[in-house]
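# Tertiary structure, described
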Amino acid sequence: MGPPGVGKSTQAARLKDRLGLLHISTGDVLRWHIAERSPLGLAAHAYMHRGELVPDELVTQMTLSHVLSPDGAHGVLLDGFPGTTGQAHALDAALATRGRAIDAVFYLTAPAEMLIQRLAGRRICLDCRATYHLETMPARVSDVCDGCGERLLPRNDDSRHTAWRRLTAHPGQTRPLVDRYTHAGVLHRIDGRGAAAEVTARLLTALHATGLGESGKEVRRATG
Ligand code: AP5
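Each chain carries its own residue numbering, running from 1 in the written order of its sequence. Residue-level local features of this predicted model are given only where pLDDT is at least 70; pairs of side-chain atoms are given and counted only at 80 or more, and the full residue set underlies all totals for whole chains, interfaces and linings. Water and hydrogen atoms were dropped before computing side-chain values, which therefore reflect all heavy atoms in the structure.

## Some remarks on the environment of C145
Keep this limit in mind: Secondary structure elements follow DSSP: runs of H or I no shorter than four residues count as helices, runs of E no shorter than two count as strands, and numbering proceeds from the N terminus. Contacts are assigned to residue pairs with any non-hydrogen atoms lying within 4.5 Å of each other.
Position of C145 relative to the elements: it lies in the loop between strand 5 (131-133) and strand 6 (152-153). In contact with C145, other than residues within four places in its own chain, are C125, C128, A130, Y132, E150 and L152.

## As for the confidence of the model for the protein
This is how it is decided: The predictor's confidence in any single residue is recorded as pLDDT, a number from 0 to 100.
Scored by pLDDT, the protein has a mean of 93; 95% of the residues are at 70 or more. Low pLDDT, under 50, characterises residues 215-220; the predicted model gives this stretch 17 contacts beyond four residues in sequence or across chains.

## Side note on the site of the ligand
Applicable threshold: Whether a residue is near a molecule or strand is decided by its heavy atoms; if any one of them lies within 4 Å of it, the residue is near. What qualifies as a polar contact is a pair of N or O atoms within 3.5 Å, subject to a donor-acceptor requirement within protein and to the restriction that residues adjacent in sequence count only when both atoms come from side chains. Per-residue and other accessible areas were derived by the Shrake-Rupley procedure at a 1.4 Å probe size, with only the shown protein chains allowed to occlude residues. Classification convention: Asp, Glu, Lys, Arg as charged; Ala, Val, Leu, Ile, Met, Phe, Trp, Tyr, Cys, Pro as nonpolar; all other residues, Gly among them, as polar.
In the vicinity of the ligand there are 35 residues, among which T10, E52, R122, Y132 and R166 approach most closely. E52 places a polar main-chain atom, nitrogen or oxygen, 2.6 Å from an oxygen atom of the ligand. A196 is positioned with one of its backbone polar atoms (N or O) 3.3 Å from a nitrogen atom of the ligand. When the ligand is considered free in solution it has 1,000 Å² of accessible area, and contact with the protein chains removes 94% of it. The set of elements that each furnish at least two residues to the shell around the ligand consists of helix 1 (8-19), helix 2 (26-36), helix 6 (112-120) and strand 5. The greatest single-element share of the shell around the ligand, amounting to four residues, is contributed by helix 2. When grouped by side-chain class, the residues that make up the shell around the ligand number 14 nonpolar, 13 polar and eight charged.

## With respect to the packing of helix 1 against helix 8 (residues 196-209)
Selection criterion: For helices, the axis comes from a line fit to the C-alpha atoms of the stretch in contact; other axes are also lines fit to C-alpha atoms, and the angle between any two N-to-C directions lies between 0 and 180 degrees. Each angle is binned into one of four classes, with values under 35 degrees roughly parallel, values over 145 roughly antiparallel, values of 65 to 115 roughly perpendicular, and all other values oblique. Each crossing gets its hand from how the near helix is turned against the far one by less than a right angle, where anticlockwise is left-handed and clockwise is right-handed.
One way to put it is that helix 1 packs onto helix 8 with a least axis distance of 10 Å and a crossing angle of 50°. For the element pair helix 1 / helix 8, the angle class is oblique. The two elements helix 1 and helix 8 meet at a crossing, and its hand is right-handed. For the pair helix 1 and helix 8, the contacting residues are T10, Q11, R14, L15, R18 and L19 in the first and A196, A197, V199, T200, L203, L204 and L207 in the second.

## So, the nonpolar core
To be explicit about the condition: As used here, the term nonpolar core means buried Ala, Val, Leu, Ile, Met, Phe, Trp, Tyr and Cys residues forming a set that is joined through side-chain atoms within 4.5 Å. Partly exposed residues are those whose accessible area sits between 20% and 50% of the maximum for their type, while under 20% is buried and over 50% is exposed, using a 1.4 Å probe and protein chains only.
Core analysis: the largest hydrophobic core is formed by 27 residues, its most contacted members being V67, L91 and Y181. Residue assignment for this core shows that the elements contributing at least two residues are helix 2, helix 3 (39-50), helix 4 (56-67), strand 2 (76-79), helix 5 (85-96), strand 3 (102-109) and helix 7 (160-183). Apart from the residues within four sequence positions on either side, V67 is in contact with I24, G72, V76, L78, L91, L95 and R100. Counting residues in hydrophobic clusters, the runner-up holds 21 residues, among them A12, L15, I190 and A206.

## Some thoughts on the sheet that holds strand 6
The strands that make up a sheet pair up through hydrogen bonds in the backbone, lying either parallel or antiparallel. What counts, and what does not: A pair of strands is considered paired only if DSSP assigns at least 2 bridges between the two.
Reading across from one edge, 5-4-6 is the order of the three strands in this open sheet, with antiparallel pairing throughout. Edge strands, defined here as strands with exactly one partner in the open sheet, are strand 5 and strand 6. Pairing geometry for strand 4 (residues 122-125) and strand 5, over three bridges, is antiparallel. Residue pairing in the sheet places R122 in a bridge with H133 of strand 5. Running over the sheet, helix 6 touches strand 4 and strand 5 and is turned about 45° from strand 4.

Right, dumping it as structure tokens:
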């Protein structure tokens, strides 16, 4: 969890292989549906364009089908889900059907001016979903993905107006979830400032403090 631009996707990409977890980014899955012009993508597009949450009934089923898939049997790293208490209820219920539960929730934080700077310079690869930043994480060749060679573009919802709407809506949207996971004793606040490697090190330290290991063998359930 964490506000737009704090580095959730960047950190998830760095941790997923190391922890042996399936990474599920609701934002990426929704953007894929929009690019494919699927019925879900067509329904979600207007909400995302306005910087609003997509309704629970569209997001929940889509995400839980990945969580409960065979690929997620050894544990999942959720990025952007749950985004509402309705989604959190549905996630708990779905995990319980497999005797699983949330192990840890990481809440990344950074000052607003840093979030704005990160969103303004973000570039993404529409093909392999890799994330770059014009200043802090540039591609080797300008506007070309290092991994797959496709063109890099800004995200539609990173325009100044939409990014601002997402940033200002975030605290109110996530407060009930922060309360829920604090009460459950699984929430860890992580400082998202500094280089990506420093933030990864903080996340791994917090993960180890929960008694969960780094091999993936011990991280079998759900980490958000
Ligand atoms: P989503 O894609 O999840 O967007 P978000 O939550 O707003 O988060 P972002 O992807 O903007 O930021 P991030 O924290 O992943 O940062 P990143 O790693 O890219 O969702 C988009 C939309 O989909 C939502 O608005 C909503 O409409 C819908 N949606 C998604 N989930 C939903 C749900 N559950 N329910 C309903 N609707 C949902 O990093 C940002 C930039 O900073 C990059 O350029 C990166 O290179 C750079 N950077 C990262 N870390 C560092 C660092 N340590 N130092 C320097 N630069 C860094």
